[in-house]
Amino acid sequence: MNKIAMYGLICGLVFYSCNNTTSKEKETVSSTTAAEISSENPLIFPEEVYFKSLRQVTFGGDNAEAYWSFDDQQLVFQSNYKKWGVDCDQMFVMNVNDTFEDSQPPMVSTGLGRTTCAYFLPDNKHIIYASTHLGGELCPEVPLRENGNYVWPIYDTYDIFMADLDGNIVKQLTNEVGYDAEPTVSPKGDKIVFTSTRSGDLELYTMNIDGSDVKQITNELGYDGGAFFSSDGSKIIFRSSRPKTEAEIKKYKDLLANGLVEPTDMELYICNADGSDMRQLTFLGNANWSPFFHPSGEKVLFSSNYEAEMGFPFNLYMIDIDGKNLKRVTHSKTFDAFPVFSNDGKYLVFSSNRNNGGTRDTNLFIAEWQD
């Protein structure tokens, strides 16, 4: 789904906020202190000890969900930057050292409908992504409120496609009625995990790279989505909003019947790649989402507003896969999300409202990571 929609909620409110989170005890990493790092790089806040360096990649619009090629030489991401000639999210590809302050990356989606969640395939020459273009050439409407509550649209015209880096669609991977989106690829290069409403609920499925052997791996009522494999392909981490009370269940079902979900109460779940041994990882409250495995496979990075009193800010956190040792990674007053490690574990790309000149722009940043 178009998770950049989360920005609408955050950006609409964030400029009236002030961050009352106190600084935690500063850590040192290697021989370089956080203060030294931040003084050398104004993009890094003093407490952000895991960033050895930080570079801004985009400079306008909403840019998010950047994913690395298997050889770490390129990234594919989605953007709605109107200066690039798009009216809603489309897919763009970049080389790892590119920046786009005065230039434009090549678009690799059709330019029609709305797209989300592109991911490289192991050959580094093809991507997969979800698109609504078969349902119409125009951008579908984006409702942000339902009965006063913030919502995400679940477009039933989303299907998953495979394309080359020239933007040519070479295969349609899903053609079921309903929402098929949020695909990501196992680092082993053999499986895709995605979210679908084909069962009547928002569940996770896996399939082979060619779209065959589709298997449902979640089956509890609620929105299961935003899933990623661990680096060895053995585990899956995802976000979920699972209603429990009768009122919550009715509200969820009513929204889903209208193609909507309310993403303000989500926790992280982890399971084996076949769906077995599923368990809840976080119990923090508010919205915990966009998880991604640390290269060690023993930790997970994610975005959360659990410390916020008014729904913002969102920052990046890290937690062990046994639910222990929660640590804060970023210290923004606005919005940090979509953390994704390079395959070699040396770099982290994420989206942030930092350094946007007081606008609502959300840009891509690449950090050199240090544990």
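This text follows the structure it describes.
Below is a summary of the structure that appears in this document. This one's a predicted model, so the numbers in the text were calculated from it and none came from an experiment.

### With respect to the pairing of strand S5 (residues 74-79)
Move 1: Most of S5 is tucked away: 6 of the 6 residues are buried.
Move 2: Residues Gln 74, Val 76 and Gln 78 line one face of S5 and the alternating positions Leu 75, Phe 77 and Ser 79 line the opposite face, and both faces are buried.
Move 3: Alignment of strand S4 (residues 63-68) against S5, held across 4 bridges, turns out to be antiparallel. The residue of S5 that forms the bridge with Ala 64 is Gln 78.
Move 4: Once S4 ends, the chain turns through 5 residues before running back antiparallel as S5, passing Asp 72 with a positive phi of about 60 degrees.
Move 5: In this structure, S5 lies alongside strand S6 (residues 90-95), joined through 6 bridges in antiparallel fashion.

### Quick word on the pattern of salt bridges
Move 1: Counted by the stated rule, this structure contains 13 salt bridges.
Move 2: With a shortest N-O distance of 3.1 Å, Glu 262 and Lys 251 are connected by a salt bridge. Linking Glu 262 in the loop between strand S20 (260-261) and strand S21 (267-272) with Lys 251 in helix H3 (residues 246-257), this pair joins segments that are 11 residues apart in sequence.
Move 3: Of the residues examined, Glu 262 reaches a relative accessible area of 22% and is grouped as partly exposed.
Move 4: Looking at Lys 251, the relative accessible area reads 39%, which means it is partly exposed.
Move 5: Asp 336 is the partner of Arg 354 in a salt bridge, and the nearest nitrogen-oxygen pair spans 2.9 Å. With a gap of 18 residues between them, Arg 354 in the loop between strand S28 (347-352) and strand S29 (363-369) and Asp 336 in strand S27 (residues 336-341) connect regions that are remote in the sequence. Here the two residues Arg 354 and Asp 336 agree in accessibility, since each one is buried.

### Side note on the layout of surface pockets
Move 1: One number sums up the size of the largest pocket: a volume of about 400 Å³.
Move 2: As for the largest pocket, its lining consists of 17 residues, of which Ser 241, Arg 242, Pro 243, Glu 248 and Asp 265 are closest to the centre.
Move 3: For the lining of the largest pocket, the secondary structure elements donating two or more residues are strand S19 (235-241), H3 and S21.
Move 4: Classifying every residue of the lining of the largest pocket by side-chain character gives 6 nonpolar, 4 polar and 7 charged.

### Quick notes on the state of the cysteines
Move 1: With the rule as written, the count across this model stands at 1 disulfide.
Move 2: Here Cys 88 pairs with Cys 139 through a disulfide, and the sulfurs are 2.2 Å apart. Disulfide Cys 88 to Cys 139: torsion about the S-S bond roughly -90 degrees, handedness left-handed. Taken as a pair, Cys 88 in the loop between S5 and S6 and Cys 139 in the loop between strand S8 (126-131) and strand S9 (145-146) lie far apart in primary sequence, 51 residues in all.
Move 3: Judged by relative accessible area, which is 31%, Cys 139 ranks as partly exposed.

### Quick word on H3
Move 1: Along its 12 residues, H3 runs 16 Å from first to last C-alpha, staying within 8% of the 16 Å computed at 1.5 Å per residue.
Move 2: Three or more residues of H3 are buried, namely Tyr 252, Leu 255 and Leu 256. Buried residues in H3, looked at end-on, bunch into an arc of 100 degrees, giving them a common side. In H3, the exposed residues that point more than 90 degrees away from the buried face are Glu 246, Ala 247, Lys 250 and Ala 257.
Move 3: Just downstream of H3 lies Gly 259, where phi reads positive at about 70 degrees.

What counts, and where the lines are drawn
Residues numbered from 1 in each chain as written. Predicted model: local features only at pLDDT ≥ 70, side-chain atom pairs only at ≥ 80, totals over all residues. Heavy atoms only, no water. Buried < 20%, exposed > 50% of the residue type's maximum accessible area, 1.4 Å probe, protein only. Helix = DSSP H or I, 4+ residues; strand = E, 2+ residues; numbered from the N terminus. Pairing = 2+ DSSP bridges. Salt bridge = Lys/Arg side-chain N within 4 Å of Asp/Glu carboxyl O. 1 Å grid on protein atoms, 1.4 Å probe; cavity = no way out; pocket = protein on both sides within 12 Å on 5 of 7 lines; lining within 4 Å. Points joined across faces, edges and corners; volume = space filled by probe spheres on them. Nonpolar A, V, L, I, M, F, W, Y, C, P; charged D, E, K, R; others polar. Disulfide = S-S within 2.5 Å. Expected span 1.5 Å × (residues − 1). Arc of directions from axis to C-beta.

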